[in-house]
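Descriptive analysis of the structure
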Amino acid sequence: MNPFKTLTSPVIPLLRDDIDTDQIIPARYLKVTDKAGLAEGLFAGWQYLDDGDPNPDFPLNQPQYAEAQILLAGDNFGCGSSREHAPWALAGWGIRAILATSFADIFYNNALKNGLLPVTVDTETHAKLAAALDSAPSLEVRIDLPAQTVKLPDGTEAAFPLDPFSKTCLLEGIDQLGYLLKHEAEIAAFEGSEE
Amino acid sequence: MPKTLFEKIWDAHVVLQEPDSPAVLYIDLHLVHEVTSPQAFNGLREKGLPTRRPEQTVATMDHVTPTIELSLAAMDEQGIKQIRQLQANCRDFGIHLYDLNDPQRGIVHVVGPEQGLTQPGMTIVCGDSHTSTHGAFGALAFGIGTSEVEHVLATQSLLQNRPKTMRVHFEGQLGAGVTAKDMILALIAEIGVGGGTGHVIEFTGPAVRALDMESRMTLCNMSIEAGARAGMVAPDETTFAYLRGRPSAPVGEAWEESLDRWRNLSSDPGASYDQTISLDAAALEPMITYGTNPAMGGPIRQPIPTPARESDPDRRAALEKTLRYMDLAPGKPLQGHPVDVVFLGSCTNGRLNDLRAAADLLRGRKVAEGVRMLVVPGSGNVRRKAEAEGLDEVFRQAGAGWRHAGCSMCLAMNGDQLSPGQYAVSTSNRNFESRQGPGGRTFLASPLTAAASAVAGKVIDPRVMCGDVKREE
């Protein structure tokens, strides 16, 4: 996992609430045994027209967002299925952070394990950013993980929450499995006390 | 201090809690299926890690398996690859697998309880959001991602932040023709698809106590559709009667000891929850969804909401978009809307009582012309028991398709799917855009409502056919 410190990028607006993981990546793309190539199925129902061509109206297909690494969504992003293919597909496309007013639990946890930063922003900042993107679609936002802030072009700064453990893992690019393996003795002792 | 059921199970499974870190939570039972596990096993191989407690993991195949015949010949190449990989992974890592032709194989959340693997007080996880189903036994059961599947395989533990608690209390008793599916759809409509985020729900009250185990599973199954981490029901005599004699249930002295332990698994009087919600079960009616998430639903006779009456512009736009996708007119009830497909099955409603309820309604009736009805039992066991009771004949005579066990059209990975634009009444759990096939449109409802709608060829209140409600023109 690559460490995450700061990120400055254009923001792709996907201003809908309750974007479920079936929309992020439909089940027909889950018949894989590795993590590669999933970006093809990212938002497949919205990314493509009925004939299979890219939908030019879909923000991810627009040229100003070709290099963008931040997505802006509404409430409850990533609800539904637990498929980790959702963060794999987002990361595979090049997304490194998602700004939303709230996230579904399983998606939130899955994202953090893949170096994808879920940034919970307050509704005021969210509305301000959405309005700013409406008039300046290419504007850039800066995410500062050590400071836990999001900075808008007009200088507005908003703090976002993140538990200290996940923060350290992201900053240092640590796999959480390492922490569990380090506590093998405690796990064994727990198992011993159960039997 | 008085504790909730959740707190009792959580506290008993915390291996370690360091400051500023999530808890290391011990996992008693890990369930695995073919779609969310291959990358986890790859991870073990890359890191050279063994499975810590292979006997505490059990695997089945359900998502991509065919329902027409149980043979690889009925599958596409990618599906076959997932099946073969699961077989190899279970062999290499010493995990028990219910293979394609194993008579016990079925949907992971149907098999666990059926085999008695799911027991009160356990922590249970699976790379599948509907793991919440197992909470019906008074277990703490929740869905995890594939990275976490690898964590459990390697360490039998997970890093978890302690969730909050929510009590959902159902007062009174359900009326005839109203089921556990209607209870959970009513709750989700009430609190929304994010209403339970960060919480574990405990279902309480007389209407919950009166439910059999299969109905409790339906209730807990869709807790995730309200955003909750898990749903649970405190175990009682109904739970113990269901478990007794199951293949993996304790026997003899161990059974008595387990009973003593399990009897303590209820929330203490005075235990406090972060949130409490009360619903009147007696006031509930058959529910159905009209929209593209499980909260977009209501009583079957209630009109579909009108966007113009929605004051919040974002919500208005979302509702307009939904009704456009569903091609539905606002202000009219869904009752009477034509139906193309009826799907009876899934981890929500694919158990024996679900099939019995639908068969009782279909007996002596026919599925309407032009309607395709698919009946997919939740497991090989459910299928055999249904056949022993002659339910398969009832379904066949009515004109419905009788299939082999699997997830099937719930998520349409195995070729069972809607065609673009088709309308389905489905007993499954998700009505997301294209969930049951690209362009497909899903109305979620109970097995009774599904069966009644199959006969009518349109969405209909099942109580009309059960004789509880006078037919309205």
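A short tour of the structure in this document, coming up. (Residues numbered from 1 in each chain as written. Chains lettered and ligands numbered in written order. Predicted model: local features only at pLDDT ≥ 70, side-chain atom pairs only at ≥ 80, totals over all residues. Heavy atoms only, no water.)

All right, on to the overall build of chain A then. Tallying secondary structure elements over chain A gives eight helices and seven strands in all. Each of the three principal axes of chain A carries a C-alpha extent, and together these read 60 × 45 × 25 Å. Taken across its 195 residues, chain A has 56% of its residues classed as buried. Within chain A, contacts between residues separated by at least 24 positions form 66% of all contacts whose residues are at least 6 apart in sequence. (Helix = DSSP H or I, 4+ residues; strand = E, 2+ residues; numbered from the N terminus. Buried < 20%, exposed > 50% of the residue type's maximum accessible area, 1.4 Å probe, protein only. Contact = heavy atoms within 4.5 Å.)

Within chain B, the secondary structure is distributed over 17 helices and 19 strands. Taking 23 Å as the expected radius of gyration for a compact globule of 473 residues, we find that chain B reaches 22 Å, a close match to that expectation. Overall size of chain B, expressed as C-alpha extent along the three principal axes, is 60 × 55 × 45 Å. Across the 473 residues of chain B, 65% fall into the buried class. Looking at chain B alone, contacts between residues at least 24 apart form 76% of all its contacts between residues at least 6 apart. Carbon together with sulfur atoms contributes 48% to the accessible area of chain B, which is approximately 16,200 Å² in total. Taken as two groups, the 46 positive and 55 negative side-chain charges of chain B have centres that lie 3 Å from each other. (Rg over C-alpha atoms; globule rule 2.2 N^0.38 Å. Areas by Shrake-Rupley, 256 points an atom, 1.4 Å probe, with all protein chains shown as cover. Lys, Arg positive; Asp, Glu negative; His and termini not counted. Charge placed at Lys NZ, Arg CZ, Asp CG, Glu CD.)

Counting residues at the interface gives 63 residues for chain B and 46 residues for chain A. Taken together, the two surfaces of chain B and chain A that pack against each other cover about 4,500 Å², and 57% of this comes from carbon and sulfur. Among the residues chain B hides against chain A, the three largest losses belong to Gln-39, Arg-52 and Leu-159 of chain B. Together they make up 13% of the total. At the surface where chain B touches chain A, the tally comes to seven salt bridges. Close ionic contact of Asp-22 of chain A with Arg-435 of chain B constitutes a salt bridge, the shortest N to O distance being 2.9 Å. Elements represented by at least two residues in the side of chain B that touches chain A include exactly helix H1 (5–13), strand E1 (14–17), strand E2 (23–26), helix H2 (38–47), helix H3 (77–93), helix H5 (146–155) and strand E8 (157–160) of chain B. In terms of residues, the side of chain B that touches chain A owes the most to one element, H5 of chain B, which gives seven residues. Broken down by class, the residue content of the side of chain B that touches chain A amounts to 21 nonpolar, 26 polar and 16 charged. (Buried area = accessible area lost by both parts, 1.4 Å probe. Salt bridge = Lys/Arg side-chain N within 4 Å of Asp/Glu carboxyl O. Nonpolar A, V, L, I, M, F, W, Y, C, P; charged D, E, K, R; others polar.)

Locating Asp-182 of chain B in the fold gives a position in helix H6 (residues 180–191). Excluding residues that lie within four positions of it along the chain, Asp-182 of chain B makes contacts with Gly-177, Leu-284, Glu-285, Pro-286, Met-287 and Ser-446 of chain B.

So, on to the nonpolar core. One finds Phe-43, Phe-77, Leu-90 and Ile-143 of chain A together with Phe-170, Phe-203 and Phe-395 of chain B to be the most contacted residues of the largest nonpolar core, which totals 189 residues. With eight residues, the single largest contributor to this core is H6 of chain B. Once residues lying within four places of it in the same chain are set aside, the contact partners of Phe-170 of chain B are Met-183, Phe-203, Thr-204, Gly-205, Pro-206, Ala-207, Val-208, Leu-219, Leu-279, Ala-281 and Leu-284 of chain B. (Core = buried A, V, L, I, M, F, W, Y, C linked by side-chain atoms within 4.5 Å.)

All names here are of chain A. Ordered by their spatial adjacency, seven strands build an open sheet running E4-E3-E2-E1-E5-E6-E7, and the pairing between neighbours is mixed. At either end of the open sheet lies a strand with only one pairing partner, and these are strand E4 (117–120) and strand E7 (157–159). Neighbour to neighbour, the strand axes of the sheet diverge by 30° on average, direction disregarded. Pairing between strand E5 (residues 140–144) and strand E6 (residues 149–151): three bridges, direction antiparallel. Following the sheet pairing, Asp-144 is matched in E6 by Thr-149. Relative to the sheet, helix H5 (residues 123–135) contacts strand E1 (6–14), strand E2 (70–73), strand E3 (97–100), E5 and E7, its axis offset from that of E2 by approximately 110°. (Pairing = 2+ DSSP bridges. Axes fitted to C-alpha atoms, helices over the stretch in contact; angles between N-to-C directions.)

Residue and element names in this part refer to chain B. The residue Val-425 is located in strand E18 (residues 423–426) in this model. Distance from Val-425 to Thr-442, taken between C-alpha atoms, is 6.1 Å for residues 17 residues apart in sequence. In this structure, Val-425 is in contact with Val-339, Val-341, Val-342, Phe-343, Phe-443, Ala-445, Ala-450, Ser-453 and Val-459, ignoring residues within four places of it in sequence.

Glancing now at a negative patch on the surface. A contiguous patch of negative charge on the surface is contributed by Asp-17 and Asp-75 of chain A together with Asp-312 and Asp-314 of chain B. Residue Asp-312 of chain B is classed as partly exposed on the basis of its relative accessible area, which comes to 32%. (Patch = residues over 30% accessible without salt bridge, like charges linked within 9 Å, V, L, I, M, F, W, Y side chains within 5 Å.)

Here we take up helix H6 (residues 164–172) of chain A. Within H6 of chain A, burial applies to Phe-165, Ser-166, Lys-167, Cys-169, Leu-170 and Leu-171 of chain A. Buried positions along H6 of chain A lie against helix H4 (105–112), E4 and helix H7 (176–182) of chain A together with E8 of chain B. Remark: Gly-173 of chain A follows H6 of chain A within two positions and exhibits a positive phi of approximately 65°.

So, on to helix H14 (residues 380–388) of chain B. Residue and element names in this part refer to chain B. Buried residues of H14: Gly-380, Asn-381, Val-382, Arg-383 and Ala-386, and no others. Those residues of H14 that are buried lie in contact with helix H4 (108–114), helix H13 (352–362), helix H15 (391–398) and strand E17 (401–402). The distance from a side-chain oxygen at the start of H14 to the backbone nitrogen of Asn-381 is 3.3 Å, and the residue carrying that oxygen is Ser-379. In the stretch just after H14, Gly-390 is the one whose phi turns positive, near 80°. (Polar contact = N/O pair within 3.5 Å; in protein donor to acceptor, adjacent residues only side chain to side chain.)

So, about the state of the cysteines. Residue and element names in this part refer to chain B. Counted by the stated rule, this structure contains zero disulfides over all chains. Not part of a disulfide, Cys-126 finds its nearest cysteine sulfur in Cys-347, a span of 9.7 Å. Overall, Cys-126 belongs to the buried group, its relative accessible area being 0%. With no disulfide partner, Cys-220 has as its closest neighbouring cysteine sulfur the one in Cys-347, 12 Å distant. (Disulfide = S-S within 2.5 Å.)

What follows covers the packing of H2 of chain B against H3 of chain B. Residues and elements named next belong to chain B. One way to put it is that H2 packs onto H3 with a least axis distance of 10 Å and a crossing angle of 40°. Accordingly, the angle class assigned to the pair H2 and H3 is oblique. Both H2 and H3 take part in a crossing whose hand is left-handed. Where H2 abuts H3, its residues Pro-38, Phe-41, Asn-42, Leu-44 and Arg-45 lie against Gln-85, Ala-88, Asn-89, Asp-92 and Phe-93. (Parallel < 35°, antiparallel > 145°, perpendicular 65-115°, else oblique. Left-handed = near helix turned anticlockwise from the far one by under 90°.)

So, on to the side chain of Glu-191 of chain A. Here Glu-191 of chain A lies in helix H8 (residues 184–194). On the basis of relative accessible area, Glu-191 of chain A is assigned to the buried category, the value being 4%. Residues within four places of Glu-191 of chain A in sequence aside, it is in contact with Tyr-26, Arg-52, Arg-53 and Gln-156 of chain B.

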